[in-house]
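Observations on chain architecture
Single-letter residue listing:
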Amino acid sequence: MSWDFETEPAFQAELDWIDQFIKEEVEPLDHVLGSPWDIHDARFKTLVRPLQRVVKERALWACHLGPDLGGRGYGQVKLALMNEILGRSAFGPIVFGCHAPDSGNGEILAHYGTPEQKKRWLEPLLNNDIVSCFAMTEPQGGADPQVFTTRAERDGDEWVITGHKWFASNARYAAFFIVMAVTDPDVSAYEGMSMFIVPAATPGLDIIRNVGVGDDPQATHAYLEFDRVRVSADALLGAPGKAFEVAQVRLGGGRVHHAMRTIGQAQKALDALCERALSRHTQGERLADKQMVQEKVADSWIELEQFRLLVMRTAWRIDKYGDYRKVRKDIAAVKATMPKVLHDIAARALQVHGSIGVSQEMPFAGLVNRAFQMALADGPTEVHKVTVARQVLRDYAPTEAMFPAYHRPTAAAAAQDKFRAALA
Ligand SMILES: Cc1cc2nc3c(=O)[nH]c(=O)nc-3n(C[C@H](O)[C@H](O)[C@H](O)COP(=O)(O)OP(=O)(O)OC[C@H]3O[C@@H](n4cnc5c(N)ncnc54)[C@H](O)[C@@H]3O)c2cc1C
């Protein structure tokens, strides 16, 4: 029997080192640099590359990967404990080589890539010599793959891709794109789409514009056009018609990693809320002495702890089963809970800070917006709730009876029967 809520001392020592490193060396980067994916910015080379070297020397680089790919094979539980610290800073994940979307893209390249694809794209990606983009969503919809129309047609030894993609994060910095396209329009979207690797410089691939969100320093989500983009036959990633399956491998881990990092962001908002409540006075007492402020502190702490336990258990189950499909309900539950937890805690922190809280001088409005982003990226909350509900309902069966077994008179009659002899 093991049912443990403690971190082993040796790993706790690593976490303590990470915590201090993030606070002292990485969090300040958020205030002087732009997008963490802008790896060709000269300042990135000066400020971020040395930190990445420190992380590599400490053998904490790309811990989401197995040893065969240069990681530690830590598994999701250790990764969760790390990621909730890295999540405090926009630059945390890239300094530790486990940033989205490259972590997920690397995962599917490792899983489905040919040896040539791995050599060309995976190796430099894992080393953060390049960054990548995942282009699935289209302007007419993202939540339902059945509306995707970007088409890839075979022409001799090549595939020709035509269509539009929307909200493709970091396209402007990416060396290559992983693109989902319809290869067989005569079957369902779940069997008729394939995944392609498209080099960024391929003629016909253009960024129509970059869209910005919240208080991100740069607009990084691209509206893309594929105008008869030609790629060779070996650009196919995974088997033809298997894009949906490939995407799920990527999204399973990605959603949980976002949740782990969200804990760090929500914790930061809670820390600010508590510090402010203890520091600010009104009507002769601290805000912390007001019961309605205490309620905000209590609700925030409770919700964050509940969420953290759900994330940790989900991480533990992924490690236990080694198969995302067996943990679908848990991952969907984590994904559906994450935006609400971040939204509510950030909104309370904003409110307790008063006017400065709502201003651009504080991070809270950005975090509230970020909560909405989390409720959309990797699928809307509603869709994940549907998954949870369907999976929960699988464990139940309908009853034919007019009155169910839990109906009190029915249950009482059954109990009378069971204990007839003793009650006589
Ligand atoms: C910050 C951010 C980064 C992103 N990065 C990428 C990326 O790198 N690559 C990429 O391909 N995409 C990316 N996306 C796009 C994301 O995957 C889509 O926004 C998401 O899938 C929803 O698609 P949509 O925006 O077209 O909304 P729609 O599909 O139009 O849905 C709109 C709304 O309708 C409701 N809804 C939809 N389906 C259902 C349902 N079944 N039941 C009930 N209500 C429903 C929900 O309220 C939903 O929010 C990103 C999005 C964000 C916000």
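Rules and cut-offs
Residues numbered from 1 in each chain as written. Predicted model: local features only at pLDDT ≥ 70, side-chain atom pairs only at ≥ 80, totals over all residues. Helix = DSSP H or I, 4+ residues; strand = E, 2+ residues; numbered from the N terminus. Rg over C-alpha atoms; globule rule 2.2 N^0.38 Å. Contact = placed C-beta atoms within 7 Å. Buried ≥ 20, exposed ≤ 12 C-beta atoms within 10 Å, placed from the backbone. Pairing = 2+ DSSP bridges. Near = placed C-beta within 6 Å. Nonpolar A, V, L, I, M, F, W, Y, C, P; charged D, E, K, R; others polar. Domains from an automatic or database assignment. Core = buried A, V, L, I, M, F, W, Y, C linked by C-beta atoms within 7 Å. Axes fitted to C-alpha atoms, helices over the stretch in contact; angles between N-to-C directions. Left-handed = near helix turned anticlockwise from the far one by under 90°. Parallel < 35°, antiparallel > 145°, perpendicular 65-115°, else oblique.

So, the overall build of the protein chain
On a plain count of helices and strands, the protein chain comes out with 15 helices and ten strands. The C-alpha atoms of the protein chain give 24 Å as radius of gyration, which agrees with the globular expectation for 424 residues (22 Å, within 12%). Its C-alpha atoms put the protein chain at 85 × 65 × 40 Å along the principal axes. Sequence separation of 24 or more characterises 71% of the internal contacts of the protein chain that already satisfy a separation of 6 or more.

A short note on the environment of A413
Within the secondary structure, A413 is located in helix 14 (residues 408-418). A tally of 12 C-beta atoms within 10 Å means that A413 is categorised as exposed. A sequence separation of 205 residues divides A413 from I208, and the C-alpha atoms of the two residues are 70 Å apart.

Overview of the pairing of strand 7 (residues 221-232)
Direction of pairing for strand 3 (residues 158-169) relative to strand 7: antiparallel, over a ladder of nine bridges. Paired with V160 across the two strands is R230, which belongs to strand 7. Note that strand 6 (residues 205-211) and strand 7 share six bridges and pair antiparallel. Opposite V211, over in strand 7, you have H221 as the bridge partner.

Re the site of the ligand
Residues in close proximity to the ligand total 22 residues, the closest being M136, T137, G142, A143 and S169. Of all the secondary structure elements, the ones that give two or more residues to the shell around the ligand are strand 1 (132-135), strand 3 and helix 13 (381-393). Per-class residue counts for the shell around the ligand are 13 nonpolar, seven polar and two charged.

Section: the pairing of strand 4 (residues 176-182)
For strand 4, a buried count of seven out of seven residues is recorded, marking the element as mostly surrounded by other parts of the structure. Of the two faces of strand 4, the one carrying F176, I178, M180 and V182 and the one carrying F177, V179 and A181 are both buried. Both strand 1 and strand 4 contribute to a ladder of four bridges, which runs parallel. Residue pairing in the sheet places S132 in a bridge with F176 of strand 4. Across seven bridges, strand 4 lies against strand 5 (residues 193-199) in antiparallel orientation. What sits directly across from F177, in strand 5, is V198.

Structural notes on the domain arrangement of the protein chain
When the domains of the protein chain are assigned, the result is domain 1 (9-99), domain 2 (132-237) and domain 3 (245-393). The C-alpha-based centres of domain 1 and domain 2 are spaced at 29 Å. Every contact between the two is made by five residues of domain 1 and, on the other side, five residues of domain 2. Of the residues belonging to the side of domain 1 that touches domain 2, the class tally is two nonpolar, two polar and one charged.

Let's talk about the nonpolar core
In globular proteins that are soluble, nonpolar side chains generally tend to be buried together. With 111 residues, the main nonpolar core has I161, F196, V198, A269 and A346 as its most contacted residues. Once residues within four sequence positions are removed from consideration, V198 is found in contact with I161, F176, F177, V179, L205, V229, V231 and A235.

Examining the environment of E24
By the secondary structure assignment, E24 is in helix 1 (residues 9-26). Looking at E24, the number of C-beta atoms within 10 Å reads 9, which means it is exposed. Residues E24 and D271, spaced 247 residues apart in sequence, show a C-alpha to C-alpha distance of 17 Å.

Details of the packing of helix 6 (residues 102-112) against helix 8 (residues 243-279)
The geometry of helix 6 relative to helix 8 is characterised by a closest axis approach of 9 Å and an angle of 145° between their N-to-C directions. Handedness of the helix 6/helix 8 crossing: right-handed. Contacts between helix 6 and helix 8 involve S103, G104, N105, E107, I108, H111 and Y112 from the first element and V246, V249, R250, L251, G253, G254 and H257 from the second. Among the residues forming the contact of helix 6 with helix 8, the class breakdown is five nonpolar, seven polar and two charged.

A closer look at unusual backbone geometry
Between A100 and the following residue, P101, the backbone shows a cis peptide bond with an omega angle of 0°. Mapping P101 onto the fold places it in the loop between helix 5 (92-95) and helix 6. Within the chain, Q283 stands out as a residue other than glycine whose phi angle is a positive 50°. Relative to the assigned elements, Q283 resides in the loop between strand 9 (281-282) and strand 10 (285-286). For D378, which is not glycine, the phi dihedral falls at a positive 65°. The residue D378 is located in the loop between helix 12 (364-374) and helix 13 in this model.

So, the packing of helix 4 (residues 76-86) against helix 8
At a minimum axis distance of 6 Å, the contact between helix 4 and helix 8 shows a crossing angle of 45°. Here helix 4 lies oblique to helix 8, going by the angle between them. Judged by the sense of rotation from one axis to the other, the crossing of helix 4 with helix 8 is right-handed. Within the contact between the two elements, helix 4 uses Q76, L79, A80, N83, E84, I85 and L86 and helix 8 uses V256, H257, M260, R261, I263 and G264. Looking at the contact of helix 4 with helix 8 residue by residue, the class counts come to seven nonpolar, four polar and two charged.

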